[in-house]
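So you can see what is in the structure, the chains are spelled out below.
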Amino acid sequence: MKINTFIFDMDGVIIDSEPFWRQAQIEILASYNVTVTIEDCIKNTMGKRIDDVALTWCQLHQLTVNPKLLEQEIITAVVQLITKKGKAKNGLFELLDYLTKNNFNIALATSSSKPIINAVFNRLNIAHYFNVVCSADTEEYGKPHPAIYLKVAKLLKVNTENCLVLEDSVTGLIAAKAASMNTIVIPENKNDPRFTIANNIYSSMLDVIIYLKTLQ
């Protein structure tokens, strides 16, 4: 197995933004007199594209608001939170430096929209590391459909079996596996049996560097 391409998911992998997504959803939905919990967000929307998130809440709670409006309100709230409070996940800069020094193709494949990507890249100053950036905004189907991962491989002109994907959600993991890519995960809940389909499960990106060294 020759891995020459490393593909990051973003939310919950590069930046600890999942709490921001949950906070935004809870607060925005509260403005429509709908009460949801952190657990509701994890169960119903984690790893999904924002249009799927908005539609999910509208359907679950019979909201009359236009899903597109709900979508934009959530995005705006998340961007503000990332801009003020966003922090890189442990080991991110060390992993990016390792990948760069060892001539990996580095890509981003995220369910988040362009404004979220821009907020993260600006907050962490990491745009220069990435050869390709793909948002599910540009795909007909979001994760767990493999389209976004297949797009990355096409743009980089690499074989899917030479790609290694880092995910944190079951939805993203399924998408990467469906694209026939190697997968590793740093999940919030390592005991979730659904993550056993990944090649490996780790606690931080520092562990990922150790793993990559075994492949050299």
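Up top is the structure these notes are about.
Residues numbered from 1 in each chain as written. Predicted model: local features only at pLDDT ≥ 70, side-chain atom pairs only at ≥ 80, totals over all residues. Heavy atoms only, no water.

S.K.: In this structure, what is going on with the nonpolar core? I would like to understand it.
M.R.: Generally speaking, a soluble globular protein has its nonpolar side chains buried in company with each other. In terms of nonpolar packing, the biggest core is built from 56 residues, with Phe-6, Phe-8, Ile-14, Leu-95 and Phe-130 touching the most fellow members. The element contributing the most residues to this core is helix 4 (residues 67–85), with 7 residues. Ignoring any residue separated from it by four or fewer positions in sequence, one finds Ile-14 in contact with Phe-8, Asp-9, Lys-87, Ala-88, Lys-89, Leu-92, Leu-108, Val-120, Leu-124, Ile-126 and Phe-130. In terms of nonpolar packing, the next biggest core, distinct from the first, is built from 18 residues, Tyr-149, Ala-153, Val-158 and Ala-179 among them. (Core = buried A, V, L, I, M, F, W, Y, C linked by side-chain atoms within 4.5 Å. Buried < 20%, exposed > 50% of the residue type's maximum accessible area, 1.4 Å probe, protein only. Helix = DSSP H or I, 4+ residues; strand = E, 2+ residues; numbered from the N terminus. Contact = heavy atoms within 4.5 Å.)

S.K.: In this structure, what is going on with the layout of surface pockets? I would like to understand it.
M.R.: Where empty space is left can be seen by rolling a probe of water-molecule size over the atoms. Space inside the largest pocket adds up to approximately 330 Å³. Surrounding the largest pocket, 16 residues form its lining, Ile-42, Met-46, Val-170, Asp-192 and Arg-194 being those nearest its centre. Take the lining of the largest pocket: its biggest share by element is 4 residues, from helix 2 (residues 38–45). (1 Å grid on protein atoms, 1.4 Å probe; cavity = no way out; pocket = protein on both sides within 12 Å on 5 of 7 lines; lining within 4 Å. Points joined across faces, edges and corners; volume = space filled by probe spheres on them.)

S.K.: So what exactly am I meant to see when it comes to empty space enclosed by the protein here?
M.R.: The full count for this structure, using the stated rule, is 2 cavities of 30 Å³ or more. A volume near 230 Å³ is recorded for the largest cavity. What lines the largest cavity is a set of 23 residues, among which Asp-11, Glu-18, Met-46, Gly-47 and Lys-48 lie closest to the centre. Within the residue set of the lining of the largest cavity, elements represented by two or more residues are helix 1 (18–30), helix 2 and helix 3 (50–60). Element by element, the count of residues in the lining of the largest cavity is highest for helix 1, at 4 residues. Looking at the lining of the largest cavity residue by residue, the class counts come to 6 nonpolar, 8 polar and 9 charged. (Nonpolar A, V, L, I, M, F, W, Y, C, P; charged D, E, K, R; others polar.)

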